Amino acid sequence: MLKKNWKKIGIIILIVACVFNIMGKLINRLSLNKEMLYSAEYMQKEQEKEKIENNT
């Protein structure tokens with residue numbers, strides 16, 4: 001039975017691996033976007049602090 005269905009089994013394994021790969025990339029992408037937003041907010045706060053220090 002395995003000899004007859006090895007192509008189907010291989011394709012199913014390939015599809016499952018691709019789905020896991022895509023889901024992992026999507027999950028990491030969201031966290032990367034959050035990290036970039038947090039970094040941008042931090043930089044803005046630091047620039048505001050520098051402007052306040054330079055004005056006084």
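(A) Up close: the overall build of the chain. Check the secondary structure of the chain and you find one helix and zero strands. Against the 2.2 N^0.38 benchmark of 10 Å for 56 residues, the chain shows a C-alpha radius of gyration of 24 Å, more extended than a compact globule. Overall size of the chain, expressed as C-alpha extent along the three principal axes, is 80 × 10 × 5 Å. Every one of the 56 residues in the chain was classed for burial, and the buried ones make up 0%. A total accessible area of about 5,900 Å² is found for the chain, and carbon and sulfur atoms account for 65% of it. If the 10 positive side-chain charges of the chain are averaged to one point and the 6 negative ones to another, these points end up 32 Å apart.

(B) A nonpolar patch on the surface, seen in detail. A cluster of nonpolar residues, Ile-11, Ile-15, Val-19, Ile-22, Met-23, Leu-26 and Ile-27, forms a patch on the protein surface that exposes about 670 Å² of accessible area. With respect to the helices and strands, the residue Ile-22 is situated in helix α1 (residues 2-55).

What counts as what
- Residues numbered from 1 in each chain as written.
- Predicted model: local features only at pLDDT ≥ 70, side-chain atom pairs only at ≥ 80, totals over all residues.
- Heavy atoms only, no water.
- Helix = DSSP H or I, 4+ residues; strand = E, 2+ residues; numbered from the N terminus.
- Rg over C-alpha atoms; globule rule 2.2 N^0.38 Å.
- Buried < 20%, exposed > 50% of the residue type's maximum accessible area, 1.4 Å probe, protein only.
- Areas by Shrake-Rupley, 256 points an atom, 1.4 Å probe, with all protein chains shown as cover.
- Lys, Arg positive; Asp, Glu negative; His and termini not counted.
- Charge placed at Lys NZ, Arg CZ, Asp CG, Glu CD.
- Patch = residues over 30% accessible without salt bridge, like charges linked within 9 Å, V, L, I, M, F, W, Y side chains within 5 Å.
- Salt bridge = Lys/Arg side-chain N within 4 Å of Asp/Glu carboxyl O.

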